Amino acid sequence: MKMKEIRQLAKNREIKIPFVVTKIEAVRMIQRSEGNFDCFARACEGFCDQSGCIFYQDCMELSPKE
């Protein structure tokens, strides 16, 4: 998901994302605002059981593999 899409998603949910934050922090802000754990890009050894998450693919790509 591109940053533009993440910003639009946040806007639709009335979440203010500062312009200077990274993609990782922007997604974590959305997760926290929804009452979820801010786990984006923190999958241990490439494992996450939340395959239904809309950020799953990007999360797996950005999470440490080791």
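All of the points below concern the structure found in this document.

Thresholds, definitions, all that
- Residues numbered from 1 in each chain as written.
- Predicted model: local features only at pLDDT ≥ 70, side-chain atom pairs only at ≥ 80, totals over all residues.
- Heavy atoms only, no water.
- Disulfide = S-S within 2.5 Å.
- Buried < 20%, exposed > 50% of the residue type's maximum accessible area, 1.4 Å probe, protein only.
- Helix = DSSP H or I, 4+ residues; strand = E, 2+ residues; numbered from the N terminus.
- Contact = heavy atoms within 4.5 Å.
- 1 Å grid on protein atoms, 1.4 Å probe; cavity = no way out; pocket = protein on both sides within 12 Å on 5 of 7 lines; lining within 4 Å.
- Points joined across faces, edges and corners; volume = space filled by probe spheres on them.
- Core = buried A, V, L, I, M, F, W, Y, C linked by side-chain atoms within 4.5 Å.
- Phe/Tyr/Trp six-rings, centres within 6.5 Å; stacked < 30°, edge-to-face > 60°.

The next subject is the state of the cysteines. Disulfide: a covalent bond formed between the sulfur atoms of two cysteine residues. For the structure on display, the rule yields zero disulfides. Free cysteine: C59, not disulfide-bonded; nearest cysteine sulfur from C48 at 5.5 Å. Take C59: its relative accessible area is 6%, and that puts it in the buried class.

Along the chain, R28 turns up in helix α2 (residues 23-33). It is 9.0 Å that separates the C-alpha atoms of R28 and A41, two residues lying 13 residues apart in sequence. Sequence-distant contacts of R28, that is, excluding residues within four places in its chain, are made with D38, F40, A41 and R42.

Volume-wise, the largest pocket comes out at about 240 Å³. Considering the residues around the largest pocket, the lining is formed by 14 residues, among which Q31, N36, C39, Q50 and C53 are closest to the centre.

This paragraph deals with the nonpolar core. In this structure, I17, I30, F40 and F55 are the most contacted members of the largest nonpolar core, which totals 16 residues. Those elements that provide at least two residues to this core are α1 (3-12), α2 and α3 (56-62). Once you skip the residues sitting within four places of it in the chain, F40 turns out to touch K23, I24, V27, R28, Q31, F55, D58, C59 and L62.

With that out of the way, let us pick up the packing of aromatic side chains. As enumerated under the stated definition, the model contains one aromatic pair in all. Between F40 and F55 the ring centres are 6.0 Å apart and the planes differ by 75°, which places this aromatic pair in the edge-to-face class. Remark: F55 occurs in the loop between α2 and α3 and F40 occurs in the loop between α2 and α3; sequence separation between them is 15 residues. Assigned by exposure class, F40 and F55 land together as buried.

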